[in-house]
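Spelled out, the chains give:
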Amino acid sequence: MSPGGWRLGYLAREVNRTLFNPRSRSSALLFLAVALGVGAVALPAVESQGFRSQLAEQQAAGRNIVVFGSRDTQHPVAIDRASCDSLTAVPGVPRSGLTELEGMDDFVQLGPNVSVLGSTSSLFPDLRDGVLLVGSALHPPVAAEFTLVAANGPLYRARVNRVEPTGLNSNSAVVVPLAPDIRSASSCIAVLDAYSNANQLLPVLRARLHTSGGDMVASLASNPTIDPVTVFLNRPGQYVALLLGLLGGLATGMITRSRSSEFAAYRMSGTTPPAAALLLAMQHLQIAALFAASSCAAVIVLRGALAAPLSAALSCLAGAATWLLAALVVTVDLPLRNVLALAKDR
Amino acid sequence: MRFGRRTVFDGFTASFPDRTLTALVGPSGSGKTTLLSLLAGQAQPFAGTVRLHLDESDAGVPPEPSLVAWVPQGSNALGARSALDNVLIGALAAGRSLADAHATALGEMERVGVADLAEVAAKDLSGGELQRVCFARALASGRPIIFADEPSASLDEASTRQLAAVMEVLRSTRLVIVATHDPLLMHSAQRTVSMRTEAS
C-alpha cells in the first residue's frame, strides 16, 4: 500500500520515531497512556476491595440466608427433608438443609448446657466425614479434629466448625447429623451465594418445598437496606475507563494540535492529505493501543483484587476505542487544512 | 481574487518558466503569499485561471498541491528529530525506499551545505541552518516546483547570505518562486515580479 507516495511501513516508522523520541512533546503521551491505563484498572480494583469487604461483612451477618419455618408455633409446619435438601439444585443455592434443635447436652471440653443442632450434610458438608461439628464460639480445643467427650460417657469424633453466618445458629452449638429416619422438620435453611438476589429466588425456593401441617413462612436472616451487589453494579466507577479514555483522547488531540506547525512539515514536503490523515490515525492508534495494553497488563496483575476482571478488561478496550475516536475528532481537520495556514498555526 | 469584499488581485497575469528562480517582491499585504497559494492550488481564484504546463505542448492543467514543496517563513520542522530525519520525510513522501531516501537526503543536504549537521536535532539548529534544512527537504521531495514564503524573514545577514548561496544552487534545477523583501535573495533570482498595494 502506498498512501500518497508514502509506503505504509515508513509512515509507521515516522510515528514510532516521533513518539519514542524522548525530546518530542508527543512522547509525554506515552506516559499519559500508561498512567491512565493503569489508573483505569487501579480505581476499579480499589472499588472491588471495598465491595468485597462490605459483602463479606453482610454475608457474615446473615445476608442471603433464607429461613423457612412455621408461621404459628402452635401449628408447626413439617417441611419435607428431601425437598429441602434438593434446593441446592436451584442455581445460586450452594447449601440447604433441615435444622432441628435436638436438645442441650453437657460435654467435658465445652461445659454444660450446650445446644445440639441436628442437620444434614447438604447444609453442613463436613458432616459427610462422620464427625460432629463444634461451633467456634464454644472455645473448643485448638486441634482441628479431636475426641469430644460427653459428660455422660460417650466419645465422638469432632471437628471445629468454621465460623458460619448468623442465621445458621451453629457457632454456639454442636451440629450432629440428623437421624436418617427423620423425614421432616419445622425449619429449612437455604444459603444463597453472595451474588444471588434473595428476593427473586425466594418464591422459587418456596415452590419447591413440600410441606404439611401448619403454614410456612420464609424470612431472610438479615435484610440490609443497602444491597452491596446492586450498589456495585450501578457504581459510577464502572465508567472510569471510558472517562479516562475520553480525557486521554482529548489530551492527545490537543497536544497534536499544539504541534500542528510541526505536522505542517509533512504537508510542505509533498505528503498528501490522505497520507497525512493516515499518519495521524496511526499515531493516535498507537497511543490508544498502549492505553489498552497497559490496562490489560494491570488487569492481569490485579486480577485477584478485581471483582470482575473480564468486565474491567472490556471496559478498558472500550476506553481505548474512546481514546482513538476522541483524538481523531479533535484533529480531523489538520490533514485537510491549507498548508500555509497550518504552518503558521503556533 | 477576493477575500470577502477585498479584491487582492485584479487583472493579474504572469507566467513562471521552469528551471527559473523568480522573486516575488512587494510590501506586506500586497498578496505574495496569496499568489503562492493560488499557484499551488491551495486557494481558488474568484475569476480567471491558473494553468500548469507540464511540457511545452500541453494545454495546461489546474495546479496540483502535491506537485509543490514549500519552504516556510520561520521553521516548520520536527524539532526533536534530527536534521537528516527532517530531510528524509521529503524523500519518503516521494515514495522512495528508505535506503534510496537516505542517499537522496544526504545528497541534498550536501548540496545546500548542511550535511555535517545531519545528526543534530532540528531544535538545536540556528535559524539559517534550519532554513537550509527545509530547502534540502523540499529538494529531496523531488517535487518539480518549490515555493519559499519569506524564508529569510527571521534570519540575520550572515544566514541570509548563506541562503542566497543556496538559491544560486537551486535556480537552474526546477521552478522556484521566492516571496521576499530581502535584497540579497532578490539578487539571486533570475526574474523579479513586483507587486504593490493600491496605496503604493
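Placed above this text is the structure.
Figured I'd write up the structure that's included with this text. Predicted, not measured: the structure shown is a model, and the values here were computed from it.

### Examining the side chain of Asn64 of chain A
All names here are of chain A.
- Note that Asn64 resides in the loop between α2 (27–60) and β1 (65–70).
- Since its relative accessible area comes to 5%, Asn64 is described here as buried.
- Polar contacts involving the side chain of Asn64 include one to the main-chain carbonyl oxygen of Asp193, which spans 2.7 Å.

### Looking at the packing of aromatic side chains
Residues and elements named next belong to chain A.
- One pass over the full model with this rule turns up six aromatic pairs over all chains.
- Centre to centre, the rings of Trp6 and Tyr266 are 6.3 Å apart; their planes meet at 55 degrees, and the pair counts as tilted. Here Trp6, found in the segment before α1 (8–19), pairs with Tyr266, found in helix α7 (residues 260–268); they are 260 residues apart in sequence, far enough to count as distant.
- Trp6 sits in the buried class, given a relative accessible area of 0%.
- Note on Tyr266: relative accessible area 2%, which makes it buried.
- Sitting over the ring of Phe124, Arg95 keeps its end group 5.8 Å from the ring centre.
- The ring centre of Phe232 lies 3.9 Å from the NZ or CZ of Arg235, which sits over that ring.

### Considering the sheet that holds strand β3 (residues 21–25) of chain B
Residues and elements named next belong to chain B.
- Ordered by their spatial adjacency, five strands build an open sheet running β4-β5-β6-β3-β7, and the pairing between neighbours is parallel. The two strands at the open ends of the sheet, each matched to only one other strand, are β4 (68–71) and β7 (191–194). The mean angle between the axes of side-by-side strands here comes to 20 degrees, regardless of whether they run parallel or antiparallel.
- As judged from the four bridges shared by β3 and β7, these two strands associate in the parallel manner. Residue Val25 lies in a different strand from β7, and its bridge partner there is Ser194.
- Packed onto the sheet, helix α1 (residues 32–40) meets β3, β4, β5 (145–149) and β6 (175–179) and runs at close to 160 degrees relative to β5.

What counts and how
Residues numbered from 1 in each chain as written. Chains lettered and ligands numbered in written order. Predicted model: local features only at pLDDT ≥ 70, side-chain atom pairs only at ≥ 80, totals over all residues. Heavy atoms only, no water. Helix = DSSP H or I, 4+ residues; strand = E, 2+ residues; numbered from the N terminus. Buried < 20%, exposed > 50% of the residue type's maximum accessible area, 1.4 Å probe, protein only. Polar contact = N/O pair within 3.5 Å; in protein donor to acceptor, adjacent residues only side chain to side chain. Phe/Tyr/Trp six-rings, centres within 6.5 Å; stacked < 30°, edge-to-face > 60°. Lys NZ or Arg CZ within 6 Å of the ring centre and 35° of its normal. Pairing = 2+ DSSP bridges. Axes fitted to C-alpha atoms, helices over the stretch in contact; angles between N-to-C directions. Contact = heavy atoms within 4.5 Å.

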